[in-house]
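Each chain is listed here by its residues.
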Amino acid sequence: MRADRLVSLVLLLRQRGRMTADELSRELEVSVRTVLRDIDALSASGVPVYADRGRHGGYSLLPGFRTELTGLNHQEALALLTAGSGRAEQVFGLSSALSSAMRKVIDALPESNRSVLDDAASRFLVDPETDLLSRRTTAESLPTEVLHEVRQAVLDGHRLHFLYKAPDKDARWHTVDPIGLVTVRDRTYLLATKSGNDRTYRVSRLLEAKELPEPADRPAQADLDRIWEQRRSQFLSDNHLAVELRIDPVRRDELLTNVRAVIAEIPEPDGWVRLEVTFEDLRHAVWAVWQVDVGAEVVGPEVLRASLRERAKTLLNLYSSVPTAQ
């Protein structure tokens, strides 16, 4: 791990020139103290790193210094293979490995190609923090230690022991046979079996995780597309509140972040969209639809329309009267 970090540190200084200890620590995801120790180790081994003092100082390499690299490690190769699937490098915890791998690739290019690549990269922006409507994207927060254990258990074919907090339930320990990881709309799921039964877990709800030494009971080759479709079909067949509604497309994404599942989506002639979705229960449906106010119209069921009417009447009565004196 430290050898890879030292190589990454050298490549950062080669490709970006002078960098401060704070900048290096953020890029390498380690402490400033670790960066300073690494720089001392590089200097002791003969790598010409020198410090520029002062307000605009930092660390640099002597001009013309080059290194010979031994190739990509396993994590970096895995990061490159998964990088093509949207934001996989983030949701599977591979962002650091991907950054390291890409630095090695860039360093291997001729100088003329590197300058062209830098210009090309500056013309693409993938998944900024906000969209055109100034809504921030809300990717799940996945603890690094937990995700590392989950990922390694999946890759090594070992059983996994974890503490899981389901909504409205106490946290419980589970021991499962992991099959694979799937990410959908910035949510990451662990596909597994438990005592031979299919199980699907939201990784963000894992509080602790530990890879076990015993091998997992799982198929030699897993067709994740097929398995995911089967789990999805089973999920939609469970007993939940089904709702049909019309929604302004401007508010569509806002609503879909709060539904349990989308069954159907049909554009309408007036520009709105007709959706068939499911919610956990009536209370969940009232809360979610209320968030988009007049941007949605519930078609059915009537019990949901009635609940929304009663809520609107209660608010109307509250604000029709003079405020209570303080």
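Residues numbered from 1 in each chain as written. Predicted model: local features only at pLDDT ≥ 70, side-chain atom pairs only at ≥ 80, totals over all residues. Heavy atoms only, no water.

1. Observations concerning the overall build of the protein
Our working rule: Only DSSP runs of H or I reaching four residues or more are called helices, and only runs of E reaching two or more are called strands; each is numbered from the N terminus. For each residue, the accessible area found with a 1.4 Å probe, counting protein chains only, is set against the maximum for its type, and the residue is called buried under 20%, exposed over 50%, and partly exposed in between. Residues count as neighbours in contact if any of their non-hydrogen atoms are within 4.5 Å of one another.
On a plain count of helices and strands, the protein comes out with twelve helices and eleven strands. Counting every position in the protein, which comprises 326 residues, the buried fraction comes to 35%. Pairs at least 24 apart in sequence give 58% of the contacts found in the protein among residues at least 6 apart.

2. Remarks on the packing of aromatic side chains
Short version of the rule: Note on aromatic pairs: the rings of Phe, Tyr and Trp (six-membered ring only in Trp) are paired at centre separations within 6.5 Å, and the planes decide the class, stacked below 30 degrees, edge-to-face beyond 60, tilted for the rest.
Within the structure shown, the criterion is met by four aromatic pairs. Arranged with centres 5.1 Å apart and planes meeting at 75°, the rings of Tyr164 and Tyr201 form a pair that is edge-to-face. Note that Tyr164 is positioned in strand E3 (residues 158-164) and Tyr201 in strand E6 (residues 197-202), a separation of 37 residues in sequence. Of the two residues, Tyr164 and Tyr201, neither departs from the other in class, the shared state being buried. Aromatic pair Tyr189 and Trp228: ring centres 5.3 Å apart, planes at 50°, arrangement tilted. Separated by 39 residues along the polypeptide, Tyr189 in strand E5 (residues 187-194) and Trp228 in helix H9 (residues 224-237) bring together distant segments of the chain. Residue classification places Tyr189 among the buried residues on the basis of a relative accessible area of 17%.

3. Considerations on the environment of Val184
Mapping Val184 onto the fold places it in strand E4 (residues 172-184). Assessed through its relative accessible area of 31%, Val184 is described here as partly exposed.

4. What about the pattern of salt bridges?
Applicable threshold: Salt bridges are identified by distance alone: a Lys or Arg side-chain nitrogen within 4 Å of an Asp or Glu carboxyl oxygen.
If you walk through the whole model with that rule in mind, you get 17 salt bridges. One connected set of salt bridges, linked through shared partners, spans Glu244, Arg246, Glu268, Asp270, Arg274 and Glu297.

5. With respect to a nonpolar patch on the surface
As a reminder of what qualifies: Note that patches include only residues with greater than 30% relative accessible area and no salt bridge, and the join distances are 9 Å for like charges and 5 Å for nonpolar side chains (Val, Leu, Ile, Met, Phe, Trp, Tyr). Using the Shrake-Rupley algorithm and a 1.4 Å probe, accessible areas are obtained, with residue cover drawn only from the displayed protein chains.
On the surface, a cluster of nonpolar side chains totalling about 340 Å² of accessible area is made up of Leu315, Leu318 and Tyr319. Here Tyr319 lies in helix H12 (residues 302-320). A relative accessible area of 66% means that Tyr319 is categorised as exposed.

6. Considerations on the sheet that holds E3
Rules: In this scheme, strands are said to pair when DSSP sees at least two bridges between them. For helices, the fitted line uses only the C-alpha atoms of the stretch in contact; every axis is such a line through C-alpha atoms, and the angle between N-to-C directions lies from 0 to 180 degrees.
Spatial strand order, E6-E5-E4-E3-E7: five strands in an open sheet with antiparallel pairing. Both edges of this open sheet fall to E6 and strand E7 (206-215), since each of them pairs with a single strand only. Taking the axes of each pair of neighbouring strands and ignoring which way they run, one obtains an average angle of 45° across the sheet. Of the strand pairs in this sheet, E3 and E4 are connected by five bridges, and their pairing is antiparallel. Paired with Tyr164 across the two strands is Arg172, which belongs to E4. On top of the sheet, helix H8 (residues 144-156) reaches E3, E4, E5 and E7; it is set at about 30° to E7, its chief contact.

7. Let's talk about the sheet that holds strand E10 (residues 273-279)
Sheet strands pair via backbone hydrogen bonds, and the direction of the pair is either parallel or antiparallel. The strand order across the open sheet formed by four strands is E9-E10-E8-E11, and the pairing between neighbours is antiparallel. In the strand order of this sheet, the two ends are held by strand E9 (261-267) and strand E11 (296-300), each with one partner. Recorded for the sheet is a direction-independent mean angle of 25° between the axes of neighbouring strands. H12 rests against strand E8 (241-247) and E11 of the sheet, and its axis sits at about 135° to E11.

8. Observations concerning helix H3 (residues 32-44)
Residues lying three or four places apart along an α-helix face the same way, a consequence of the helix completing one turn every 3.6 residues. Quick note on the threshold: To estimate how far a helix should reach, multiply one less than its number of residues by 1.5 Å. Each direction from the helix axis to a C-beta atom contributes to the arc, which is the arc of those directions.
In a regular helix each residue adds 1.5 Å, so 13 residues correspond to 18 Å; H3 covers 19 Å between its end C-alpha atoms and thus fits that length. Turning to H3, its buried residues number three or more, namely Thr34, Val35, Asp38, Ile39 and Leu42. Around the axis of H3, the buried residues are gathered within 140° of arc, so they sit on the same side. Exposed residues lying more than 90 degrees from the buried face of H3 are Arg33, Asp40 and Ala44. Considering only its buried residues, H3 is in contact with helix H1 (2-16), helix H2 (21-28), strand E1 (49-52) and strand E2 (58-61).

Note that every value here comes from positions in space, so none of it alone points to a role or purpose.
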